[in-house]
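What follows is the residue order along each chain.
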Amino acid sequence: MDQGSSCGSNSNCKSWIMYGLVTGAAIAAAAIGAAFSIRGGSGKFRSRVIGIIPARYASSRFEGKPLVHILGKPMIQRTWERAKLASTLDHVVVATDDEKIAECCRGFGADVIMTSESCRNGTERCNEALEKLEKKYDIVVNIQGDEPLIEPEIIDGIVKALQGAPDAVFSTAMTSLTPEDSTDPNRVKCIVDNHGYAIYFSRGLIPFNKSGKVNPNFPYLLHLGIQSYDSKFLKIYSELAPTPLQLEEDLEQLKVLENGYKMKVIKVDHHAHGVDTPEDVGKLEALMRERNLL
(Lines give C-alpha, C1' and ligand atoms only; values in the text may rest on other atoms or scores of the structure.)
Protein backbone atom coordinates (compact mmCIF):
# COMPACT_ATOMS: atom_id res chain seq x y z
CA MET A 1 0.00 0.00 0.00
CA ASP A 2 1.18 3.54 -0.82
CA GLN A 3 2.36 5.41 2.30
CA GLY A 4 0.36 8.51 1.31
CA SER A 5 -2.88 6.55 1.07
CA SER A 6 -2.49 5.16 4.60
CA CYS A 7 -1.80 8.52 6.31
CA GLY A 8 -2.67 11.22 3.87
CA SER A 9 0.15 13.48 5.11
CA ASN A 10 2.99 13.56 7.59
CA SER A 11 0.93 15.78 9.90
CA ASN A 12 -1.97 13.33 9.78
CA CYS A 13 0.44 10.47 10.51
CA LYS A 14 1.78 12.30 13.55
CA SER A 15 -1.76 13.04 14.72
CA TRP A 16 -2.77 9.40 14.50
CA ILE A 17 0.43 8.29 16.23
CA MET A 18 -0.16 10.75 19.08
CA TYR A 19 -3.82 9.68 19.28
CA GLY A 20 -2.72 6.07 19.50
CA LEU A 21 -0.19 6.78 22.22
CA VAL A 22 -2.67 8.78 24.29
CA THR A 23 -5.41 6.21 23.83
CA GLY A 24 -3.02 3.38 24.66
CA ALA A 25 -1.87 5.15 27.80
CA ALA A 26 -5.47 5.72 28.86
CA ILE A 27 -6.32 2.06 28.32
CA ALA A 28 -3.22 0.99 30.24
CA ALA A 29 -4.06 3.35 33.11
CA ALA A 30 -7.61 2.02 33.23
CA ALA A 31 -6.31 -1.55 33.29
CA ILE A 32 -3.90 -0.75 36.10
CA GLY A 33 -6.67 1.00 38.03
CA ALA A 34 -8.89 -2.04 37.64
CA ALA A 35 -6.09 -4.29 38.84
CA PHE A 36 -5.56 -2.10 41.91
CA SER A 37 -9.26 -2.22 42.72
CA ILE A 38 -9.00 -6.01 42.72
CA ARG A 39 -5.62 -6.25 44.40
CA GLY A 40 -6.23 -3.85 47.21
CA GLY A 41 -6.33 -0.44 45.52
CA SER A 42 -4.57 2.71 46.52
CA GLY A 43 -7.81 4.31 47.77
CA LYS A 44 -7.52 7.60 49.66
CA PHE A 45 -3.93 6.91 50.62
CA ARG A 46 -5.30 3.96 52.63
CA SER A 47 -5.81 6.34 55.54
CA ARG A 48 -8.07 4.35 57.87
CA VAL A 49 -5.97 1.82 59.78
CA ILE A 50 -6.81 -0.80 62.39
CA GLY A 51 -4.44 -2.99 64.36
CA ILE A 52 -5.66 -6.52 65.10
CA ILE A 53 -3.90 -8.87 67.52
CA PRO A 54 -4.95 -12.44 66.65
CA ALA A 55 -4.69 -14.77 69.63
CA ARG A 56 -5.47 -18.42 70.19
CA TYR A 57 -5.06 -20.57 73.26
CA ALA A 58 -4.26 -23.88 71.56
CA SER A 59 -0.71 -24.18 70.26
CA SER A 60 1.43 -27.23 69.56
CA ARG A 61 4.58 -25.49 70.78
CA PHE A 62 3.24 -23.41 73.67
CA GLU A 63 -0.37 -23.84 74.80
CA GLY A 64 -1.88 -20.77 76.42
CA LYS A 65 0.97 -18.57 75.24
CA PRO A 66 -0.98 -15.26 75.06
CA LEU A 67 -1.80 -15.52 78.78
CA VAL A 68 1.68 -16.34 80.06
CA HIS A 69 2.92 -13.66 82.42
CA ILE A 70 5.90 -11.54 81.46
CA LEU A 71 7.13 -9.78 84.61
CA GLY A 72 3.66 -9.72 86.12
CA LYS A 73 1.54 -8.92 83.06
CA PRO A 74 -0.06 -11.25 80.51
CA MET A 75 2.00 -11.23 77.33
CA ILE A 76 -0.95 -10.17 75.21
CA GLN A 77 -1.48 -7.14 77.47
CA ARG A 78 2.10 -6.04 76.93
CA THR A 79 1.67 -6.41 73.16
CA TRP A 80 -1.60 -4.44 73.23
CA GLU A 81 -0.04 -1.64 75.29
CA ARG A 82 2.82 -1.31 72.81
CA ALA A 83 0.47 -1.34 69.82
CA LYS A 84 -1.64 1.44 71.33
CA LEU A 85 1.41 3.73 71.12
CA ALA A 86 1.54 3.54 67.30
CA SER A 87 0.47 6.87 65.81
CA THR A 88 -0.90 5.39 62.55
CA LEU A 89 -3.48 3.11 64.19
CA ASP A 90 -7.01 4.44 64.58
CA HIS A 91 -8.04 1.46 66.70
CA VAL A 92 -6.58 -1.73 68.21
CA VAL A 93 -8.57 -4.90 68.92
CA VAL A 94 -7.84 -8.48 69.95
CA ALA A 95 -9.32 -11.27 67.82
CA THR A 96 -9.63 -14.64 69.56
CA ASP A 97 -11.64 -17.85 69.66
CA ASP A 98 -10.98 -18.46 73.36
CA GLU A 99 -13.11 -17.10 76.20
CA LYS A 100 -10.21 -17.17 78.68
CA ILE A 101 -8.19 -14.86 76.43
CA ALA A 102 -11.23 -12.66 75.80
CA GLU A 103 -11.93 -12.28 79.53
CA CYS A 104 -8.30 -11.43 80.24
CA CYS A 105 -8.21 -8.78 77.49
CA ARG A 106 -11.47 -7.15 78.54
CA GLY A 107 -10.03 -7.01 82.05
CA PHE A 108 -7.22 -4.67 81.00
CA GLY A 109 -9.44 -2.58 78.71
CA ALA A 110 -8.99 -4.07 75.24
CA ASP A 111 -11.80 -4.40 72.71
CA VAL A 112 -12.29 -8.05 71.76
CA ILE A 113 -13.75 -9.63 68.63
CA MET A 114 -14.70 -13.30 68.99
CA THR A 115 -13.75 -15.39 65.96
CA SER A 116 -14.24 -18.96 64.81
CA GLU A 117 -12.05 -21.88 65.86
CA SER A 118 -11.85 -22.83 62.17
CA CYS A 119 -9.43 -19.97 61.33
CA ARG A 120 -6.28 -21.66 60.05
CA ASN A 121 -3.93 -18.78 60.79
CA GLY A 122 -3.69 -15.24 62.08
CA THR A 123 -4.45 -13.70 58.71
CA GLU A 124 -7.77 -15.51 58.42
CA ARG A 125 -8.59 -14.52 62.01
CA CYS A 126 -7.87 -10.88 61.14
CA ASN A 127 -10.18 -11.09 58.13
CA GLU A 128 -13.04 -12.52 60.16
CA ALA A 129 -12.58 -9.84 62.81
CA LEU A 130 -12.53 -7.12 60.14
CA GLU A 131 -15.84 -8.37 58.72
CA LYS A 132 -17.43 -8.17 62.16
CA LEU A 133 -16.36 -4.57 62.80
CA GLU A 134 -18.97 -1.91 62.08
CA LYS A 135 -16.44 0.69 60.91
CA LYS A 136 -14.60 0.26 57.60
CA TYR A 137 -10.81 0.36 57.36
CA ASP A 138 -8.35 0.59 54.46
CA ILE A 139 -5.40 -1.16 56.12
CA VAL A 140 -5.30 -3.98 58.64
CA VAL A 141 -2.15 -4.48 60.70
CA ASN A 142 -1.68 -8.05 61.96
CA ILE A 143 0.22 -7.62 65.23
CA GLN A 144 1.71 -10.83 66.58
CA GLY A 145 0.67 -11.37 70.19
CA ASP A 146 3.99 -13.06 71.01
CA GLU A 147 6.04 -9.89 70.34
CA PRO A 148 5.54 -8.06 73.66
CA LEU A 149 8.38 -5.63 72.90
CA ILE A 150 7.20 -4.66 69.43
CA GLU A 151 8.19 -1.07 68.74
CA PRO A 152 5.37 1.32 67.77
CA GLU A 153 7.71 2.85 65.18
CA ILE A 154 7.82 -0.48 63.33
CA ILE A 155 4.03 -0.59 63.19
CA ASP A 156 4.02 2.96 61.82
CA GLY A 157 6.77 2.05 59.36
CA ILE A 158 4.95 -0.83 57.69
CA VAL A 159 1.72 1.17 57.51
CA LYS A 160 3.47 4.06 55.77
CA ALA A 161 5.27 1.62 53.46
CA LEU A 162 1.96 0.19 52.29
CA GLN A 163 0.44 3.64 51.94
CA GLY A 164 3.39 4.61 49.74
CA ALA A 165 3.33 1.51 47.50
CA PRO A 166 0.01 1.33 45.61
CA ASP A 167 1.21 -1.70 43.65
CA ALA A 168 1.65 -3.70 46.88
CA VAL A 169 -1.14 -5.35 48.87
CA PHE A 170 0.96 -6.40 51.85
CA SER A 171 3.83 -4.97 53.87
CA THR A 172 6.10 -6.31 56.58
CA ALA A 173 9.44 -5.72 58.29
CA MET A 174 12.85 -7.35 58.51
CA THR A 175 15.98 -6.88 60.56
CA SER A 176 19.49 -8.30 60.63
CA LEU A 177 19.77 -12.02 61.37
CA THR A 178 22.13 -12.97 64.19
CA PRO A 179 24.47 -15.96 63.69
CA GLU A 180 22.84 -17.90 66.53
CA ASP A 181 19.45 -17.66 64.80
CA SER A 182 20.70 -18.77 61.38
CA THR A 183 19.70 -22.43 61.82
CA ASP A 184 16.65 -21.91 64.05
CA PRO A 185 13.49 -22.84 62.09
CA ASN A 186 11.43 -20.62 64.39
CA ARG A 187 13.34 -17.61 63.05
CA VAL A 188 12.02 -16.95 59.55
CA LYS A 189 14.51 -15.59 57.02
CA CYS A 190 13.70 -13.46 53.99
CA ILE A 191 15.24 -12.05 50.84
CA VAL A 192 14.14 -8.91 48.98
CA ASP A 193 14.79 -7.32 45.60
CA ASN A 194 16.55 -4.02 44.92
CA HIS A 195 13.26 -2.12 45.19
CA GLY A 196 12.31 -3.41 48.63
CA TYR A 197 9.80 -6.06 47.56
CA ALA A 198 9.84 -9.56 49.01
CA ILE A 199 11.24 -12.41 46.91
CA TYR A 200 10.95 -15.31 49.37
CA PHE A 201 10.63 -16.35 53.01
CA SER A 202 11.98 -19.55 54.53
CA ARG A 203 12.56 -21.31 57.83
CA GLY A 204 15.89 -22.39 56.40
CA LEU A 205 18.83 -20.10 55.78
CA ILE A 206 18.44 -18.06 52.59
CA PRO A 207 20.35 -17.50 50.49
CA PHE A 208 22.16 -20.80 50.95
CA ASN A 209 25.63 -20.95 49.42
CA LYS A 210 27.33 -24.00 47.90
CA SER A 211 29.74 -24.39 50.83
CA GLY A 212 26.79 -25.19 53.06
CA LYS A 213 28.10 -22.83 55.73
CA VAL A 214 26.95 -19.51 57.10
CA ASN A 215 28.83 -16.65 55.43
CA PRO A 216 29.80 -14.25 58.27
CA ASN A 217 30.10 -11.41 55.74
CA PHE A 218 26.63 -11.77 54.18
CA PRO A 219 23.79 -9.54 55.46
CA TYR A 220 21.18 -12.23 56.15
CA LEU A 221 17.72 -10.93 57.04
CA LEU A 222 15.27 -11.98 59.73
CA HIS A 223 11.55 -11.55 59.15
CA LEU A 224 9.59 -9.86 61.93
CA GLY A 225 6.11 -11.30 62.28
CA ILE A 226 4.21 -8.03 62.04
CA GLN A 227 2.48 -7.41 58.72
CA SER A 228 -0.17 -5.18 57.19
CA TYR A 229 -2.62 -5.74 54.36
CA ASP A 230 -4.85 -3.73 52.12
CA SER A 231 -8.29 -4.56 53.54
CA LYS A 232 -9.71 -5.51 50.13
CA PHE A 233 -6.86 -7.93 49.59
CA LEU A 234 -7.37 -9.48 53.02
CA LYS A 235 -10.74 -10.81 51.89
CA ILE A 236 -9.17 -12.14 48.68
CA TYR A 237 -6.38 -13.81 50.67
CA SER A 238 -8.82 -15.79 52.78
CA GLU A 239 -10.51 -17.11 49.64
CA LEU A 240 -7.27 -18.27 48.01
CA ALA A 241 -6.50 -21.98 48.24
CA PRO A 242 -3.39 -22.99 50.23
CA THR A 243 -0.28 -23.11 48.07
CA PRO A 244 2.54 -25.70 47.97
CA LEU A 245 5.29 -23.45 49.33
CA GLN A 246 3.01 -22.07 52.03
CA LEU A 247 2.22 -25.59 53.21
CA GLU A 248 5.78 -26.86 52.99
CA GLU A 249 7.29 -23.95 54.94
CA ASP A 250 4.18 -23.35 57.07
CA LEU A 251 4.43 -19.62 56.31
CA GLU A 252 1.20 -17.87 55.40
CA GLN A 253 2.92 -14.94 53.63
CA LEU A 254 4.16 -17.32 50.91
CA LYS A 255 0.59 -17.68 49.64
CA VAL A 256 0.70 -13.97 48.80
CA LEU A 257 3.88 -14.33 46.73
CA GLU A 258 2.85 -17.60 45.06
CA ASN A 259 -0.29 -15.90 43.75
CA GLY A 260 1.71 -13.08 42.18
CA TYR A 261 0.94 -10.26 44.59
CA LYS A 262 3.58 -7.75 45.68
CA MET A 263 4.79 -7.33 49.23
CA LYS A 264 6.70 -4.27 50.46
CA VAL A 265 9.39 -4.91 53.06
CA ILE A 266 11.12 -2.34 55.27
CA LYS A 267 14.45 -2.80 57.07
CA VAL A 268 14.51 -1.86 60.74
CA ASP A 269 17.03 -1.99 63.56
CA HIS A 270 15.27 -4.30 65.97
CA HIS A 271 16.42 -7.14 68.16
CA ALA A 272 13.59 -9.65 67.80
CA HIS A 273 12.29 -10.95 71.11
CA GLY A 274 9.39 -13.13 70.08
CA VAL A 275 8.19 -15.83 72.43
CA ASP A 276 8.00 -19.15 70.59
CA THR A 277 8.67 -21.63 73.41
CA PRO A 278 8.38 -21.62 77.24
CA GLU A 279 12.17 -21.25 77.41
CA ASP A 280 11.92 -17.87 75.67
CA VAL A 281 9.97 -16.37 78.59
CA GLY A 282 12.93 -16.39 80.99
CA LYS A 283 15.23 -14.95 78.31
CA LEU A 284 12.79 -12.12 77.61
CA GLU A 285 12.31 -11.28 81.27
CA ALA A 286 16.07 -11.16 81.81
CA LEU A 287 16.42 -8.77 78.87
CA MET A 288 13.62 -6.55 80.15
CA ARG A 289 15.23 -6.33 83.59
CA GLU A 290 18.56 -5.51 81.98
CA ARG A 291 16.97 -2.69 79.96
CA ASN A 292 14.63 -1.60 82.77
CA LEU A 293 11.56 -2.31 80.63
CA LEU A 294 9.24 -3.09 83.50
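- The protein chain is annotated in an unreviewed UniProt entry as 3-deoxy-manno-octulosonate cytidylyltransferase of Papaver somniferum.
- Entered under Sequence similarities (unreviewed entry) in the UniProt record, the comment concerning the protein chain runs "Belongs to the KdsB family."
- In the Catalytic activity (unreviewed entry) part of its UniProt record, the protein chain is described as follows: "3-deoxy-alpha-D-manno-oct-2-ulosonate + CTP = CMP-3-deoxy-beta-D-manno-octulosonate + diphosphate".

1. Regarding helix α6 (residues 152–163)
Then comes step 1: An ideal rise of 1.5 Å per residue puts 16 Å on 12 residues; α6 measures up with 17 Å between its terminal C-alpha atoms.
Then comes step 2: Looking at α6, one finds that the buried residues are P152, I154, I155, D156, I158, V159, A161 and L162.
Then comes step 3: At its buried positions, α6 is contacted by β1 (49–55), α3 (75–83), β6 (139–142), β7 (170–176), β10 (221–230) and β11 (263–267).

2. A word on the side chain of T88
Then comes step 1: Structurally, the position occupied by T88 is in the loop between α3 and β4 (91–96).
Then comes step 2: Using a relative accessible area of 14% as the deciding quantity, one classes T88 as buried.
Then comes step 3: A distance of 2.7 Å separates a polar atom in the side chain of T88 from a polar atom in the side chain of D156.
Then comes step 4: Setting aside chain neighbours within four positions, we find T88 in contact with V49, I155, D156, V159 and K160.

3. Observations concerning the nonpolar core
A general tendency of soluble globular proteins is for nonpolar side chains to be buried together.
Then comes step 1: Of all hydrophobic cores here, the largest spans 34 residues; its most connected members are V141, I155 and I226.
Then comes step 2: Elements supplying a minimum of two residues to this core: β1, α3, β4, α4 (99–107), β6, α6 and β10.
Then comes step 3: For this core, the element with the highest residue contribution is α6, accounting for 6 residues.
Then comes step 4: Not counting chain neighbours up to four residues away, the residues in contact with I155 comprise A83, A86, T88, L89, V141, I143, I150 and I226.
Then comes step 5: One finds C126, L234, Y261 and V265 within the second-largest nonpolar core, a separate group that totals 32 residues.

4. Description of the environment of S231
Then comes step 1: Within the element layout of this structure, S231 appears in helix α7 (residues 231–239).
Then comes step 2: For the pair S231 and L130, spaced 101 residues apart in sequence, the C-alpha to C-alpha distance is 8.3 Å.
Then comes step 3: Here S231 is in contact with L130, Y137, D138, I139 and V140, once residues within four sequence places are set aside.

5. Thoughts on the pairing of β4
Then comes step 1: Most of β4 sits inside the fold, with 5 of its 6 residues counted as buried.
Then comes step 2: Sheet analysis places β1 next to β4, joined by 6 bridges and oriented parallel. When the bridges of β4 are listed, I52 appears paired with V93.
Then comes step 3: In this sheet, strand β5 (residues 111–114) lies alongside β4 in parallel orientation, the contact comprising 4 bridges. Following the sheet pairing, T96 is matched in β5 by M114.
Then comes step 4: Handedness of the crossover joining β4 and β5 through α4 is recorded here as right-handed.

6. Observations regarding the packing of aromatic side chains
Ring pairs (aromatic) are described by centroid distance and by the angle formed between their planes.
Then comes step 1: Under the counting rule described, the total for this entry stands at 5 aromatic pairs.
Then comes step 2: Geometrically, the ring pair formed by W80 and F108 is tilted, given 5.2 Å between the ring centres and 50° between the ring planes. With W80 in helix α3 and F108 in the loop between α4 and β5, this pair connects stretches of sequence that are 28 residues apart.
Then comes step 3: Its relative accessible area of 15% is what places F108 among the buried residues.
Then comes step 4: Ring centres of F218 and Y220 lie 4.9 Å apart, and the angle between their planes is 55°; this geometry places the pair in the tilted category.
Then comes step 5: Ring-pair connections join several aromatic residues into one group, and the members of that group are F233, Y237 and Y261.
Then comes step 6: When the ring centre of Y237 is taken as reference, the NZ or CZ atom of K255 above it lies at 4.0 Å.
Then comes step 7: Sitting over the ring of Y197, K264 keeps its end group 4.4 Å from the ring centre.

Conventions adopted
Residues numbered from 1 in each chain as written. Predicted model: local features only at pLDDT ≥ 70, side-chain atom pairs only at ≥ 80, totals over all residues. Heavy atoms only, no water. UniProt positions renumbered as here; feature names shortened; annotations may be inferred. Helix = DSSP H or I, 4+ residues; strand = E, 2+ residues; numbered from the N terminus. Expected span 1.5 Å × (residues − 1). Buried < 20%, exposed > 50% of the residue type's maximum accessible area, 1.4 Å probe, protein only. Contact = heavy atoms within 4.5 Å. Polar contact = N/O pair within 3.5 Å; in protein donor to acceptor, adjacent residues only side chain to side chain. Core = buried A, V, L, I, M, F, W, Y, C linked by side-chain atoms within 4.5 Å. Pairing = 2+ DSSP bridges. Right-handed = clockwise from strand over helix to strand, strands pointing away. Phe/Tyr/Trp six-rings, centres within 6.5 Å; stacked < 30°, edge-to-face > 60°. Lys NZ or Arg CZ within 6 Å of the ring centre and 35° of its normal.

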